[in-house]
Structure formats: structure tokens, C-alpha cells
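# Fold and contact review
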Amino acid sequence: MCLQATKFRDCSQIPRSFVRQNVQLRGRLVDVDLVEGTLSVEHQPILSLPAPSFWSRLQKNNNSNNSSQYLQLRLAFTSPTIAGIYWMRLNVNGAPIKFRLIDHHCGTSLEEDAKKKKKRIILWAAVKVVQQQHRYAKLSKSSTLNEMLIRNGLAEVGGPFPLPNRTLLSKREAKLLHRLELAEAKAVQEGLGLWNDNATTTAASTGTALITVGQQVIRSWWAAIINCLKWALSWLKRTTTKEQ
């Protein structure tokens, strides 16, 4: 067991040995990005050293104004849907978690922050929720958040994030990917979430209905414009005949 006394505020601060040795880290899920589903995690070291009250207050004030104090993680091999992202925001946001990082070659992503002109590293991770606040999800004690989302059709394996070459994966990473693929196969078989044909049909029919309504609105507006032009032309004709 590796005792951690340093609080990591960026993935670049995490030693590579922690990743290679499969060290389990603890933290708190602070936020879930609405676009890509990136997790903002506040790392909580096992050992917390006491600090002077003045320094702790100063650090707290600095952190409250600094949004880059959190680790940026993505669920390894997992691409959550919009429903999955909102589910996490409603059910898991603020919960304590445990997570293990996937090797850097699998999930390193440099993204430029346009405002601060800084590069941040986003790593892939297998995440477990310590206090499971969800009631209806099919989640066993050994399941990760990655597997739970895929098992319930709230995410898919890979998605827009390309999977790494399987020959580069370690045994632990390959085992995790295999579990996720089995969970996805079960979700597809049961027609859950994004694999629900009825949901797809409903979404398609809803889109068709919206297009039809839009076309009807455009036609009514176009007819009203034509009627106004006809009235204006007739009015001009009447005025010109009267003047003559």
C-alpha cells in the first residue's frame, strides 16, 4: 500500500509509478462536463498534514477562485451519452470515489485552455463510487462506474475516443476492456438505453414531427407574405385609377 500525503491538483503531478503500480487514489467527484463527460475530481490524499490556520484559509481562498485545481479524468474506454452525463450529474456528483489510472499511452490528451493559455492533461481512469447514491442501477460492489454506465445503456465502449492498440495494453487494462465489452453486449441484447429500438424510433418520429411543424409554419408565413403583397398591389392599382 502506498501512503499518499501529496494532494495532486493536475494529472501531470501524478508520478508514473502510481500508474504502473496500479495505485488506488481517492477523491471527490466535483463536476461532470456536459460536452465530453470529463470528470473534475478533487484528489484527497490518505495522509493530510495539519497546516496553520492562516495558510489553510489563504489556500482555500485561492482554490475557490481557481477552477484548475481539480484532476481531469475520463472514464477509461467509455463514452457516456447525454443521458449518462446527466445521470452522473444528478446521482454521483459530489460523491466520494476511488479511481485507478490507466497508463499514459492510453488516455493522455493535451487540451489548450483559451482563457489561461495553459495545457492540461486528461487521463483515463477506472472509477468506483464509494457511497452509491443511485437506487435503480445494476451495479455490484465490484463494478466500476465505467461498467455500470455501459451495462445500463448510458454509455458505449470507445465512441468518439479511439481505443488504443490492444497489443499495448497491460493485462489489467485488457481485462477492464473485456469486462466493458461484455457489459455492452448484455445491454445491446436487453435493448437498454441507447440500444433501445423504441427510444430510437421515438426520437426519429419526434424529429420528423418537428420538421413537419416547421414546414407548416414556413408555409403559413409565406402565404401571409403573398397575401400582403397582393393586397398592396391591389391598393396601388385602386389609387392610380382614382388619380386618373
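One can find the structure itself at the top, above this paragraph.
Residues numbered from 1 in each chain as written. Predicted model: local features only at pLDDT ≥ 70, side-chain atom pairs only at ≥ 80, totals over all residues. Heavy atoms only, no water.

With that settled, consider the side chain of Asn91. Secondary-structure assignment places Asn91 in helix 3 (residues 82-91). A distance of 2.9 Å separates the side chain of Asn91 from the backbone oxygen of Trp87, its partner in a polar contact. (Helix = DSSP H or I, 4+ residues; strand = E, 2+ residues; numbered from the N terminus. Polar contact = N/O pair within 3.5 Å; in protein donor to acceptor, adjacent residues only side chain to side chain.)

So, on to the packing of aromatic side chains. A complete count under the given rule lists two aromatic pairs for this structure. Between Phe8 and Phe18, the aromatic rings sit 5.9 Å apart at their centres with planes inclined by 85°, giving edge-to-face as the arrangement. Of this pair, Phe8 sits in the segment before helix 1 (16-20) while Phe18 sits in helix 1, placing them 10 residues apart in sequence. For the residue pair Phe8 and Phe18, the accessibility class agrees, reading buried in each case. (Phe/Tyr/Trp six-rings, centres within 6.5 Å; stacked < 30°, edge-to-face > 60°. Buried < 20%, exposed > 50% of the residue type's maximum accessible area, 1.4 Å probe, protein only.)

All right, on to the nonpolar core then. Residues Leu39, Leu73, Phe99, Leu101, Leu145 and Leu149 are the most contacted members of the largest nonpolar core, which totals 43 residues. If you tally residues by element for this core, the top one is strand 7 (residues 119-129), at six residues. Aside from chain neighbours lying at most four places away, what touches Leu39 is Leu29, Asp31, Val32, Leu71, Gln72, Leu73, Leu75, Met88 and Val127. (Core = buried A, V, L, I, M, F, W, Y, C linked by side-chain atoms within 4.5 Å. Contact = heavy atoms within 4.5 Å.)

The quantities given are spatial measurements derived from coordinates; they are silent on function.
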